[in-house]
Amino acid sequence: MKVKLSTAHLCRKGMGKIMNIFSDRMLSLQPSIIREIFKYMGDPAMISFAAGNPAQEAFPTEAISKITADILENNPVAALQYSVSEGFTPLREWIKSDLEKKNIFKPADDDVIITAGAQQVMEVMAKLVCNERETIICEAPSFIGSLNAFRSYRAKLAGIPMDDEGIEPDKLEAALKANPKTAFIYLIPNFQNPTGKCTSLARRKTILQLAEKYKVIIVEDNPYGDLRFAGADIPTLKELDTNNRVIYAGSFSKTLAPGLRVGFMCGRASIVQKAVVCIQASTVHTSILPQMITHKFVTETNYEEHLEKLQLLYKAKCKLMLECLQYLPLSIEFTQPDGGLFIWGTLPGGDMIHFCKKAVENKVAIVPGNAFLVNENEHCNSFRLNFSFPSNEQIEKGVEILSKVAKTMYG
């Protein structure tokens, strides 16, 4: 007799029952919808507005090819051997220097560790400071990768709504009062994923005041900060922090190449040093060859010029997508980002899941907004669009298809 097993069970040969083999903390954890959408990408006709991928033309492939060849010819053992868990020392020192110029790294108080992208910072912080069922306060909506990292440690998530200036302070304070065992506040202040919103300077100062009042750490996730293409720069929370409450996560995934998996964590030295122990217990250290490639790129090419090219590229792509979206029914609202990779659309009503399914059936992949919900049972009428990855032609064609789908629902 054959037994069909759920993903949470395994039939062990020779035993007369089905046994649960997964830990309690993994039973309710679901695959990332965004990763699942990648399964559609095998269809060459599919236009993807779903991923958070950089533009294909953004990759400095020629420079990376030459750098990699040089490393493997002249320093292969260092690139292929085990190394220190803190990360490749020359890259760490460059990051410290760069962050110090921006007043993000404070030499007297802080330290830096290299991680496997900024995502690993979120996993490490949840492991490091959050006991089971303690609270992590997040923007609502928020990045699914971080939410799943927190859920994997059975954290209690408290989502705080956002307005055009960012997370709402009165509701943040209410959550802090209601959750005295808050491990940390998780925020993406610059061009937030998924909404594209940017937290205002005044709001950042208020958030820091509340963190100090309630003695809570803030984890500031800033993978998109260097991709501002409009408006004036706003100081990071880490820059504004005078009480050493902010742990800062940065990444080269959106500015160099996500496949390198090079990010970093900057903050209070005692926390970063404990994070080293977490990394030793999981990955031992971030892969050294990508770190060496990253270091040579930022020191031997004109990195600032590279960033400026990315900003111009994404400014043009965002402008094009927003112009095309004007042809959708006016009742559908879209954010107007000043940087980053994403636009957030909100339907006036109706069935958002139906809209997303019809889009996929017509060969346009978009991410339903419920993928980013902190409370998975909430209703959501929003969806996320990515403008960085598709070509200009795909943006025009894909939005035209979305417009036709939308007009069948809203006229």
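Note that the structure is a prediction, hence the values are computed from the model and not measured.

A.B. asks: What exactly am I supposed to notice about the overall build of the protein chain here?
C.D. replies: Of the regular secondary structure elements, the protein chain holds 15 helices and 16 strands. Against the globule reference of 22 Å for 411 residues, the protein chain gives a C-alpha radius of gyration of 22 Å, in line with a compact fold. Seen along its three principal axes, the alpha-carbon backbone of the protein chain occupies a region of about 60 × 60 × 50 Å. Across the 411 residues that make up the protein chain, the buried fraction comes to 53%. When contacts within the protein chain are restricted to residue pairs at least 6 apart in sequence, those whose partners lie at least 24 apart make up 75%. When the accessible surface of the protein chain is summed, it comes to about 19,100 Å², and 52% of that surface belongs to carbon and sulfur atoms. If you average the places of the 47 positive and of the 45 negative side-chain charges in the protein chain, the two averages end up 8 Å apart.

A.B. asks: Hey, could you run me through the sheet that holds strand β4 (residues 110–115) in this one?
C.D. replies: Strands belonging to one sheet form pairs held by backbone hydrogen bonds; the direction of such a pair is parallel or antiparallel. The mixed open sheet is built from eight strands, whose spatial order is β4-β11-β10-β9-β8-β5-β6-β7. The open sheet has two edge strands with one neighbour each: β4 and β7 (166–167). As paired elements, β4 and strand β11 (residues 263–268) share six bridges and run antiparallel to each other. For T115, the partnering residue across the bridge sits in β11 and is G263.

A.B. asks: Teacher, can you tell me more about the packing of aromatic side chains here?
C.D. replies: Aromatic ring pairs: the centre-centre distance and the angle between the two ring planes describe each pair. Scanning all chains against the criterion turns up 13 aromatic pairs. A ring pair is formed by W94 and F252, whose centres lie 6.4 Å apart and whose planes are at 45°; its orientation type is tilted. Of this pair, W94 sits in helix α5 (residues 89–101) while F252 sits in the loop between β10 (246–251) and β11, and the two are 158 residues apart along the sequence. Here W94 falls in the partly exposed class, since its relative accessible area comes to 21%. Accessibility expressed as a relative area gives 5% for F252, which makes it buried. Between the aromatic rings of F334 and F383, the centroid separation amounts to 6.1 Å while the plane-to-plane angle is 80°, which identifies the pairing as edge-to-face. Pair noted here: F334 is in strand β12 (residues 333–334) and F383 is in strand β16 (residues 382–386), with a separation of 49 residues, a long-range link.

A.B. asks: Hey, could you run me through unusual backbone geometry in this one?
C.D. replies: A negative phi angle is the norm for most residues apart from glycine, just as the trans form is the norm for most peptide bonds. A cis amide bond links A140 with the next residue in sequence, P141, at an omega value of 10°. Among the secondary structure elements, P141 is positioned in the loop between β5 (135–140) and α7 (144–151). With an omega dihedral of 25°, the bond running from N193 to P194 counts as a cis peptide bond. For P194, the location among the structural elements is in the loop between β8 (182–187) and α9 (201–213). Located in the positive-phi region is R261, a residue other than glycine, with phi close to 55°. Its location among the elements puts R261 in the loop between β10 and β11.

Rules used in this analysis
Residues numbered from 1 in each chain as written. Predicted model: local features only at pLDDT ≥ 70, side-chain atom pairs only at ≥ 80, totals over all residues. Heavy atoms only, no water. Helix = DSSP H or I, 4+ residues; strand = E, 2+ residues; numbered from the N terminus. Rg over C-alpha atoms; globule rule 2.2 N^0.38 Å. Buried < 20%, exposed > 50% of the residue type's maximum accessible area, 1.4 Å probe, protein only. Contact = heavy atoms within 4.5 Å. Areas by Shrake-Rupley, 256 points an atom, 1.4 Å probe, with all protein chains shown as cover. Lys, Arg positive; Asp, Glu negative; His and termini not counted. Charge placed at Lys NZ, Arg CZ, Asp CG, Glu CD. Pairing = 2+ DSSP bridges. Phe/Tyr/Trp six-rings, centres within 6.5 Å; stacked < 30°, edge-to-face > 60°.

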